[in-house]
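Structure at a glance
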Amino acid sequence: MVLGAGSIGVYVGGRLAAAGAEVTFVGRPRMLGEITASGLRLTDLDGQDVRVEPDAFRTVTSVAEAGAADLVLITVKSGDTEQAAQELSGLVQLGTVVISLQNGIGNDAVIREILPACVVVAGIVMFNVVHHEGGRFHCGTAGGVAVAADPVLNRFAPVLGASGLGFKQYPDLLSVQWAKLLLNLNNPINALSGRPLREELGNRDYRRCLALTQREALDAMSRARISPARLTVLPPEAMVRLLTVPDGVFRGVAGKVLAIDPVARSSMADDLAAGRKTEIAWLCGEIVSLGAMVGMPTPVNARLVELIGAAENGDRRTWSGPELLAELRAAAGSTG
């Protein structure tokens, strides 16, 4: 069962269905109607083109309709985690494996508290998915699916491996989650820029904004004795410095960072465009909370929370690189 049939949920579930898994999508009628009518076409940067016919999966609008499942993938937005777990409560069987494939830190703890009879495994999707009309979902960036190491996953290993999603178990997934959160701090910058990811990251001023945001986050993590994993060509500290170099130098050293589909945007940009609430509280807001815990101001991340909040409430201003950089530098300077 895939609970949360958005772009990520449909892509992951679709690849599992193509590998032979019995997949049921639980989601909103509009998305379910589209994929039921057209089937799925799943493509990626490497040229893979996987088609899944409508009769290879089920679609339902509620967990109650889904029936029993050996494996549940929760792919809803972080703000909907508690509700999703509550919907599963009383319907899942003892020992059901539930994997949280969500942004942010601690969603698995929320699920585990509500579903104590289930085996809850933390996980995170490392790639971006672009939804095109007609049931096409395109993986626009590199990356696989990271999950916490747990022997319970061994019985699903054949189908997870056959999916081609790059499922990988990590003994210390928390360090990977913090590292992914660092990367996701670009989401609000991309959303405010109004540009595709590749164009935005190719612009030095926007990268300087990201460097300010990540520098602040790394300082807070250091105080909390959190060591994020290395997910990029350089370790996080070095990558922050690299973000600020001229565009030509950045392309030469970190060209793989820009290996992104030209139309791909962050999920936060997609949420704002669709009038949905974003996950800013689980990204920059997580850094603000961490800073408060260790007694450290985090004005850059706090300002991004405010700017995205304003955008959610109708302020659809598009920020140029110099404008946003000046705004964040002013926020950083306001604390001395």
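Thresholds, definitions, all that
Residues numbered from 1 in each chain as written. Predicted model: local features only at pLDDT ≥ 70, side-chain atom pairs only at ≥ 80, totals over all residues. Heavy atoms only, no water. Pairing = 2+ DSSP bridges. Helix = DSSP H or I, 4+ residues; strand = E, 2+ residues; numbered from the N terminus. Axes fitted to C-alpha atoms, helices over the stretch in contact; angles between N-to-C directions. Contact = heavy atoms within 4.5 Å. Right-handed = clockwise from strand over helix to strand, strands pointing away.

With respect to topology, 4 strands assemble into an open sheet ordered E4-E3-E10-E9, the strand pairing being mixed. In the strand order of this sheet, the two ends are held by strand E4 (49-52) and strand E9 (129-132), each with one partner. Mean inter-strand twist for the sheet, computed between neighbouring axes without regard to direction, equals 20°. Sheet topology places strand E3 (residues 40-44) next to E4; 4 bridges connect them, and they run antiparallel. Residue pairing in the sheet places Leu40 in a bridge with Val52 of E4. Of the strands in this sheet, E3, E4, E9 and strand E10 (136-139) are in contact with helix H1 (residues 7-18), which crosses E3 at around 100°.

Alignment of strand E11 (residues 145-148) against strand E12 (residues 167-170), held across 4 bridges, turns out to be parallel. Looking at E12, one finds that Val147 is bridged to Gln169. Handedness of the E11-helix H6 (residues 157-162)-E12 crossover: right-handed.

Turning next to the pairing of E9. In this structure, E9 lies alongside E10, joined through 4 bridges in antiparallel fashion. Directly across from Val130, in E10, lies its bridge partner His138. Hairpin connection of E9 to E10: 3 residues between the antiparallel strands, including Gly134 at a positive phi of 85°.

Moving on to the sheet that holds E11. Overall, mixed pairing links the 8 strands, which are arranged E5-E2-E1-E6-E7-E8-E11-E12 in an open sheet. Bordering the open sheet on either side are strand E5 (57-60) and E12, each of which pairs with just one other strand. Examined bridge by bridge, strand E7 (residues 97-101) and strand E8 (residues 119-125) share 5 bridges and lie parallel to one another. Each residue of the ladder has a partner; that of Val98, found in E8, is Val120. This element, helix H7 (residues 173-184), spans E8, E11 and E12 of the sheet and lies at about 35° to E8.

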